[in-house]
Each structure stands twice: as structure tokens, then as C-alpha cells.
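Examination of the molecular architecture
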Amino acid sequence: MATQADPAVAQGTRPLPDDALKTLLHDLKLARHFDERMEALYRQGRLPGAFYSGRGQEGTHVGVAAALRPTDSLFPTHRDLTAQLTKGLDLNRVMAQYWGRIDGYLRGRDGNSHIGDWYGNRTFAVMSHLPIAYPVAVGAALAYQRAGDGRVALAICGDGATSNGRWYEAINTSAVHGLPVVWVVNNNQFAYSTPNPLEFKVPTVAERAVAFGIPGIRVDGGDVLAVYEAAREAIERARAGGGPSLIESVSLRWRGHAGHDPAKYMAPELLEEYMTHHDPVKNFEEWLLSEGVLTKDDIDDVQTQVEAEFTAAYDFAQASPFPEPGDALKGGWVEDGYWTGEPGRGGGTESQ
Amino acid sequence: MAGAAQKVEGAAAGHGAEPRGKRSDEGEATYLIAIAEALWEEMERDERVYMLGEDIGGYGGAFKVTEGFIDRFGSDRVMDTPIAEETIVGMSVGSAMEGLRPVAEFQYADFMSSGFDEITTVLSRYHYRAGVPLPVVLRGPSGGGVRASSFHSINPEPWFAYAGGIKIMCPAFPADAKGLLKSAVRDDNPSLFLEHKWLYRRIKEVVPTDPDFLVPIGKAEVKREGTDVSIVTYGAMVHKALEAAESLAAKGVSAEVVDLRTVYPLDEETILRSIEKTSRALVLYESYRFLGIGTEVAAVIAEKAFEHLDAPVVRLAPPNLPVPFSPPLEDAFLPQVADIEAAVDRLAAW
């Protein structure tokens, strides 16, 4: 996002120009509305497959993705679909993926938030074995370093994935080679049902950065601007050749691991505290009002807009055709030509 | 085509900077030198090609395949990594997504299991799921027979053939090794290139010098013509089969030796053409008997050549057990020339 021209930004009273702040609000509210509606559809039996709620964590998802340039790459997870929307994915095609349609980014080959759009918005198609994308982000960052093109990779995982060996391998390797990559840990305090104290001994994830010899910072995921600022700083450091950084963004996963999980293991007081004091959408709305950036009517207009976007995307998905059954056998090898041979049917990820 | 195995006396441990300079006066290259030549030529041809792995730079790799490369191509293109196999594979994927063509070395193919998830979950599935080609080559020394025991003797090809989406080559001869590796580097799909360590310095032959010499992936080759029995095999076992065929010929039994060269995808056509001719099949393989590569070969023959068979398909392969160390144990574990001859004798008697 451009920050130079706006006088308020120049004077240091605001971190971003008004239009960029409004975009952030739009993305947060779209994330929240999408999450609520999709969970409802899942519970009504109208959404096939799975749904992973990211409610309560939108500040992290939107904040880090908003700090990236279009040519930077994002390596996301199943829970931060909103980060991909902020990066630029088309909601219509996202919804088509949920319903297994040909217009989904992966043409029905994968479902729900296991989505990505490499050739369009430079997002890696999500996989379940977290943090499986961390080592892949190292490779992308290696290519940027070698090309000297100033691009940056940013990878997200949850607190649970920090217990996996690949988390250490990838961060360590990136640190050794000073690669342009930002490591984001979306600490929502639960790995499925397992709380932080059963995942790691140290109090925070951020302090583990010391072991890799890289900067580590802990931010409040309920404050989208704090997240944005932390991400922006780490991204710019990486872009300038300063190597990787680790960002721990703390929030709470308000819902269960997936649509089937009532999360009875979560203390109600904890949930209440976070919904009251660390709601990234509500907090940002209050800040925008107090700063005079937007009025209550403006905020209502944004809400109306995202609801309309959701409805239109839902309708788009329902109208999109299913893939041909025979497509299941195509595309095992590049030379099959499946992904390059049928432009106009889904697609958008055609090879170079 | 190539003849029987030849021992290279006094082969040096390393080959120095320019691998082509390490051929014999007759222009013969060992299996190891042929592989080094392939890598060198592809690095020269295409600057997007780079290598990564453990100790491949100044040290030149555990088997010295990449010795001298860092002096020519620099540490950016001959990249030493930490001992982090999942990340070596992941880095290969990520850099391939951004247009590079990585060739990752594993010190032993055994350690591919340390990168298993990135290989089977990311590398093998990403193109089908998301349409991004991954021109990645993973290479490493596989196989037994060198007293390297349980953790340095594995034949991992069935693990990764099962994953799908990865082309798997197990060459038996220097020229095939060179031509297949060059094809793998140029292929837009992921490849697993398994170098049988028993062959590295044991086998040599005249290898083409044309920098565009390629051996097609997915094509088997008959290494010895015969009429009575087909021995379908690959890797080091090809040489055992050729040795057995030689002594069988003296007894009046004509064995044909089919070298798969690529084990996935399988060249069914060449296999079936041989069975049509001989009507008898011995499937010889060094991967484990249960669900090893030969299991699939035997199934293909049974399913598609039933009307041509005069005898049941016979398999000869090690048990699904760790490769043992002590010489009498390992020799009993791996199929030997005498075992092959005995199996062919039984088949020929049908």
C-alpha cells in the first residue's frame, strides 16, 4: 500500500492513507461475514466437505497479507483463507472451489480453503501437513535472492505447527542463507484441542527466534494495524537483504478446529475475554470512528457491500458447472496438457 | 548395446574438476563419471539448473559425484545445505515454482525417507492439484551389495512410485545413466534418479559425448536377446541377470534380459513384447518382494500376457526386511547369479 502522499500519514498521525484503511476494514468485514455465513451453510448441510473457521484471527490474516506486494508470494494455511482474499483472490472462484466446481482455482481437484493461485496472486495451494509450506517458502525466497529482484516470501502457520521439525529446518536454513522470507506464526492458542503449554515450554513463540539468530516480535492479532506494521517492517527488512524475521501474532480461535468441533475444551472466560477485548473487526471499527476516518454510516455501507459480494459469489458458485468426471484422470503429468490445454474452463493458473 | 559388467581397476576416489577429462583413454566413462558428465553438461547448458544438498560443494559429495563443480559454477549453483531433507525437497519445490531447475542430492537414497512428506505430499501432488509444473530432480545412491547395511542400502523406488506424479529412473549402465539424467533435468515433471552405488565405479563403457544425448524416460531396453525366458529387471540386478544369461547360454538356455531403466511410469509395451517372444517371465528386482517394483511387473504380465504364458510368472527379490551387514547374510539376502540361473532353469523346464 502506498503511504507517501497522504498528509496524515506524512505527519505520522496515521499509519496508512484513508482509502487503504477503508480497504483493510472491507477485508476484515468480508472475512468475518464469509466465516459466519460459511459456517452456517456447513451446519445446514448446504456446504460439502469441510469448513475451517478463522474467526477472531482476521487481524493477523488481513494484516500480514496487506503488507505484501502483488509479486511477493504467500504460503498460507487452511485457516487463513482471508489472507489469500486480501492478497487478491476472487471470491467467486473461492466459493466455486468450496462447491467443487470447475471455476474454482483448483478446478475441483481440491476443496475448501486448500486453495491457491500461484500464477495470478502468487499464493501457494494450501496443504494439510503443517507447516509443509515452510520449506517451500525457503525455495521461493532462494529464487528471489538469486534473481536479486527484491521480492519476498511470507509463510504462515499456527502455533501447533511450530512443534514440527520442518518449522526448525526451514527457519534455520533461511537464516543461514539470509533469505528474503517472513515467518508468521498465527498463535491462536490451540493446536486443534491442545493448548500452548502442551505445545512448547517457553512462554512465547517469538523468543524462539533467538535460537535462529533472527529478529522475533510478538504482536496483538486483535490489532490489525499492529500486525500490519510488524509485517511491513519484516518484509522491508527482507527486501533490503536483511534476512528473515519471525512474527508471532496472538489471537484466539473463537470456533472449533473445523465445523464439526464444538471446542468444549476452551474455557468460556477465555473466549469472552478475546471476543470482548481482542476482536480485530470491532477494535478497528472503533479506531476508525475515533480517528474520524469513517462514520458509522460508512461502516454500515462496507457491511452492506461485503454481504452483497458474498451473495453474488454464492450464486456464481452454484451456477458454475462441475468438472467432467473424466477430468479426474487428466493432468498426472505436465505433458498431458490438462492445465494448459483448456483455457476458459476454470484455469487462471496456466503455466508460463 | 552395452555388454556385461566390467570392473574398473584402481578407479580414483574423486574425478577432479571436469568429469569428461576423467574418461579412460578409450573414451570409457564409469557410471559415476557418466552421471557427473550429465550434471556438468546440463549446468553448462542452462543456468536455471542448480544443485543443492549436503556436502556437495567443496567436499564434492559423499561419493564425489559433484567434485570440482563448485569451482566452475560457484556456491550459488552448488549449494551446501544443512542436514534438513524435508527442507532440501521443499526448497527444490519452491525454487522450481519460481523458474529454477533444482537437482537435489541425497547422500544416500535411504535419507529420502527423511524428506518423505515433502516428496509424497508436495512434490508428487502439486501439479495435479494446482497446475504448476515442478521440474525437480532428486538423486541419490541406492541399493545393496556393498556391505553398507540397513541404512545405506535401501531401494526406495516403491515408496515413491506409489505416490504417483514422480518419474523414477534406475539405470544400470553409464550411457543410460547419463542420458536419463539429462532427460530428467530437462523434464518439467519431478524425477527421482536412483544411482545404484554398486555400479558407481564398477561399470564403465563408451558414453556419447553429444551434449544433447538423451535417453527417453519411460522406455525399457532389451540388453540381451533370447528366446526361452525373459528376465525383466533393472538396476544392479541387470548385471547379475546378464551374467546368469551368459552361463545359461552355455547350458543351451536362451535368456532375454529386459532392463526397465525407468520403473515409473512402466514401459509395459517392451515387457509384453518380450513375453510374447519367450512365453516365460522371471521378474528380478532388488526392491522388496512384497509390493516392490517387480510385483507390478508380474501383475502386468499376468493381466496382459496371459495367453502367451507357458509357465507361471516367477519373482526373485529380497524379503521385506532390513538389508543385513555381514557378507554371508547380505549375499543370502540379495538375489545372486546362482539364484537367477536356478529360477530360469525351473521356468525353462515348464
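1. Details of the overall build of chain B
The helix and strand inventory of chain B stands at twelve helices and 14 strands. Radius of gyration (C-alpha) of chain B: 20 Å, near the 20 Å computed for a compact globule of 350 residues. Overall, chain B is about 60 × 50 × 40 Å in size when its C-alpha atoms are taken along their principal axes. Looking at chain B residue by residue over its 350 residues, the buried ones come to 59%. Taking all contacts inside chain B whose residues are at least 6 apart in sequence as the whole, residues at least 24 apart take part in 79%.

2. Considerations on the interface of chain B and chain A
The partner chain A presents 33 residues to the 33 residues of chain B that form the contact. Counting only elements with at least two residues in the side of chain B that touches chain A, the list comes to α3 (85-97), α4 (116-123) and α5 (126-130) of chain B. Split by residue class, the side of chain B that touches chain A holds 13 nonpolar, 13 polar and seven charged.

3. Section: helix α8 (residues 165-176) of chain A
Under the 1.5 Å per step criterion, the end-to-end length of α8 of chain A is 17 Å for twelve residues, consistent within 8% with the ideal 16 Å. Those residues of α8 of chain A that fall on the buried side of the exposure criterion are R166, W167, E169, A170, I171, T173, S174 and A175 of chain A. Next to the buried residues of α8 of chain A lie α7 (133-147), β2 (153-158), β3 (181-187) and β7 (245-250) of chain A together with α3 of chain B.

4. Thoughts on the confidence of the model for chain B
All names here are of chain B. Per-residue confidence for chain B gives a mean pLDDT of 94, with 95% of residues at or over 70. When the criterion is pLDDT under 50, residues 1-14 qualifies, and its contacts beyond four places in sequence or with other chains add up to 25 contacts. The complex prediction reports pTM at 0.94, with the ipTM value standing at 0.94.

5. Points about the sheet that holds strand β5 (residues 137-142) of chain B
All names here are of chain B. Strand order across the open sheet formed by seven strands is β3-β2-β4-β5-β7-β6-β12, with mixed pairing between neighbours. The outermost strands of the open sheet, each flanked by one partner alone, are β3 (78-80) and β12 (262-264). Along the sheet, successive strands turn relative to each other by an average axial angle of 20 degrees, direction set aside. Relative to β5, strand β4 (residues 101-105) runs parallel, the two sharing three bridges. Paired with E105 across the two strands is R139, which belongs to β5.

6. Some words on the pairing of β7 of chain A
For a regular strand, side-chain orientation follows a simple rule: the groups alternate between the two sheet faces. All names here are of chain A. A large share of β7 lies buried, amounting to six of its six residues. Residue alternation in β7 divides its side chains into two sets, S245, I247 and S249 and L246, E248 and V250, and both sets are buried. Across six bridges, β3 lies against β7 in parallel orientation. Residue pairing in the sheet places V185 in a bridge with E248 of β7. Judged from the five bridges that link them, strand β6 (residues 216-220) and β7 form a sheet pairing that is parallel. By the bridge assignment, G216 is partnered in β7 with L246. Taken together, β6, helix α9 (residues 224-239) and β7 form a β-α-β motif whose crossover is right-handed.

7. Concerning the domain arrangement of chain B
Residues and elements named next belong to chain B. When the domains of chain B are assigned, the result is domain 1 (19-206) and domain 2 (221-348). Relative placement of domain 1 and domain 2: their C-alpha centres are 26 Å apart. With 22 residues of domain 1 at the contact, the number on the domain 2 side is 23 residues. Of the residues belonging to the side of domain 1 that touches domain 2, the class tally is ten nonpolar, eight polar and four charged.

8. Re the packing of helix α8 (residues 236-250) of chain B against helix α12 (residues 337-348) of chain B
Residue and element names in this part refer to chain B. As a packed pair, α8 and α12 sit with axes 9 Å apart at the nearest point and diverge in direction by 55 degrees. One finds that α8 runs oblique with respect to α12. Viewed along their axes, α8 and α12 form a crossing whose handedness is right-handed. Counted together, K240, A241, E243, A244, S247 and L248 of α8 and V337, I340, E341 and V344 of α12 form the full contact between these two elements. Of the residues that constitute the contact of α8 with α12, the class distribution is six nonpolar, one polar and three charged.

9. Quick word on the sheet that holds strand β14 (residues 314-316) of chain B
Note: strands within a sheet are paired through backbone hydrogen bonds, in either parallel or antiparallel orientation. Residue and element names in this part refer to chain B. A sheet is described by the order of its strands in space; here five strands give the open sequence β9-β11-β10-β13-β14, paired in mixed fashion. Each edge of the open sheet is held by one strand with a lone partner, namely β9 (221-224) and β14. Going across the sheet, the axis of each strand differs from the next one's by a mean of 25 degrees, ignoring polarity. Pairing of strand β13 (residues 281-284) with β14, which is carried by three bridges, proceeds in the parallel orientation. Paired with V283 across the two strands is R315, which belongs to β14. Along the sheet, α8 contacts β9, β10 (229-233), β11 (255-259) and β13; its crossing angle with β11, the most-contacted strand, is approximately 170 degrees. Of the strands in this sheet, β9, β10, β11 and β13 are in contact with helix α9 (residues 268-278), which crosses β11 at around 175 degrees.

Parameters and conventions
Residues numbered from 1 in each chain as written. Chains lettered and ligands numbered in written order. Predicted model: local features only at pLDDT ≥ 70, side-chain atom pairs only at ≥ 80, totals over all residues. Helix = DSSP H or I, 4+ residues; strand = E, 2+ residues; numbered from the N terminus. Rg over C-alpha atoms; globule rule 2.2 N^0.38 Å. Buried ≥ 20, exposed ≤ 12 C-beta atoms within 10 Å, placed from the backbone. Contact = placed C-beta atoms within 7 Å. Nonpolar A, V, L, I, M, F, W, Y, C, P; charged D, E, K, R; others polar. Expected span 1.5 Å × (residues − 1). pLDDT = per-residue confidence, 0-100. Pairing = 2+ DSSP bridges. Axes fitted to C-alpha atoms, helices over the stretch in contact; angles between N-to-C directions. Right-handed = clockwise from strand over helix to strand, strands pointing away. Domains from an automatic or database assignment. Parallel < 35°, antiparallel > 145°, perpendicular 65-115°, else oblique. Left-handed = near helix turned anticlockwise from the far one by under 90°.

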